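Here is how the chains run, residue by residue.
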Amino acid sequence: MSDLPAQTPSSTVSSNRLLIVEDHALLRESLRMVAESVGHFAEVSEVGSLAGALIELGARLELPRLIMLDLGLPDAEGPTALHVIGQRYPAAPVLVVSGLDEPRAIDEAFALGARGYVPKNSSARTLRAAMEAVLEGELYVPPHVLPSHSQAQRPLPLPGDTAQHGRLTRRQSDVLLHLARGLSNKEIAA
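Residues numbered from 1 in each chain as written. Predicted model: local features only at pLDDT ≥ 70, side-chain atom pairs only at ≥ 80, totals over all residues. Heavy atoms only, no water.

Asks: Outline the pairing of strand 4 (residues 94–98), supporting the account with residue identities and numerical values.
Replies: With five of its five residues buried, strand 4 lies for the most part within the structure. Where burial is concerned, the two faces of strand 4 agree: the one with Val 94, Val 96 and Ser 98 and the one with Leu 95 and Val 97 are both buried. Where strand 3 (residues 66–69) meets strand 4, three bridges bridge the pair, whose relative direction is parallel. Bridging from a neighbouring strand, Met 68 pairs with Leu 95 of strand 4. Note that the unit made of strand 3, helix 3 (residues 80–88) and strand 4 has a crossover that is right-handed. In this structure, strand 4 lies alongside strand 5 (residues 116–119), joined through four bridges in parallel fashion. When the bridges of strand 5 are listed, Val 97 appears paired with Val 118. Running through helix 4 (residues 103–111), the crossover from strand 4 to the neighbouring parallel element strand 5 is right-handed. (Buried < 20%, exposed > 50% of the residue type's maximum accessible area, 1.4 Å probe, protein only. Helix = DSSP H or I, 4+ residues; strand = E, 2+ residues; numbered from the N terminus. Pairing = 2+ DSSP bridges. Right-handed = clockwise from strand over helix to strand, strands pointing away.)

Asks: Mind laying out the pattern of salt bridges, listing which residues take part and the relevant values?
Replies: Under the counting rule described, the total for this entry stands at eight salt bridges. The partner of Glu 43 in a salt bridge is Arg 60, and the shortest N-O contact between them spans 2.6 Å. In this pair, Glu 43 sits in strand 2 (residues 43–47) while Arg 60 sits in the loop between helix 2 (50–58) and strand 3, placing the two residues 17 residues apart along the sequence. Taking relative accessible area as the criterion, Arg 60 reaches 29% and is therefore assigned partly exposed. Salt bridges linked by common partners bring Arg 17, Glu 43, Glu 56 and Arg 60 together as one network. (Salt bridge = Lys/Arg side-chain N within 4 Å of Asp/Glu carboxyl O.)

Asks: Residue-level account of the environment of Ala 42, with values.
Replies: Within the secondary structure layout, Ala 42 lies in the loop between helix 1 (25–38) and strand 2. Here Ala 42 falls in the exposed class, since its relative accessible area comes to 66%.

Asks: Kindly report on the sheet that holds strand 2, identifying the contributing residues and their values.
Replies: If you trace the five strands from one edge of the open sheet to the other, you get 2-1-3-4-5, paired in parallel fashion. In the strand order of this sheet, the two ends are held by strand 2 and strand 5, each with one partner. Geometrically, the sheet is characterised by an average inter-axis angle of 15 degrees between neighbouring strands, direction not taken into account. Sitting on the sheet, helix 2 is in contact with strand 1 (17–21), strand 2 and strand 3, with an inclination near 160 degrees to strand 1. Sheet contacts for helix 4: strand 4 and strand 5; angle to strand 5, the most-contacted strand, approximately 150 degrees. (Axes fitted to C-alpha atoms, helices over the stretch in contact; angles between N-to-C directions. Contact = heavy atoms within 4.5 Å.)

Scope: geometric values only; no functional claims are made or implied.
Okay, here's the thing in structure tokens:
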């Protein structure tokens, strides 16, 4: 990655811009259509590589309100793009949209700072829900992953996790699982 231009990290997030980083034109157009249906963006930029994303991010004073990022870019193997963007632009909210939907890949994305993860086999409705959650400052975890976290008693990693703050406790993971299933506070408490 040394041939990529050096970037100056920006910490201000724009309130109206979306950056889509996806190497397949058809998927970029589909993501744009879903994003436009959410209605939070005055400007949508599309790039097909990590290098393009870094150029786009470095060309502006403000970070986009949301970055939708594919993990299968031609110039960034696996989670490399997420790692590089997270290192250079830690305030950038990233929603991963990936063909990988294994819990290990999703865990790794959250450990690298993703604020949401949507497998590409998800519906447009799911993508809209994930976008809304991330835009509201929440994490979006695919519902099919939550049971594996609960059963394995593994905590969900949080963006910016540190040893001092730790991870979610087993009880917190259970509460998150119940919330994802739509249970009320009263039902969760019982």
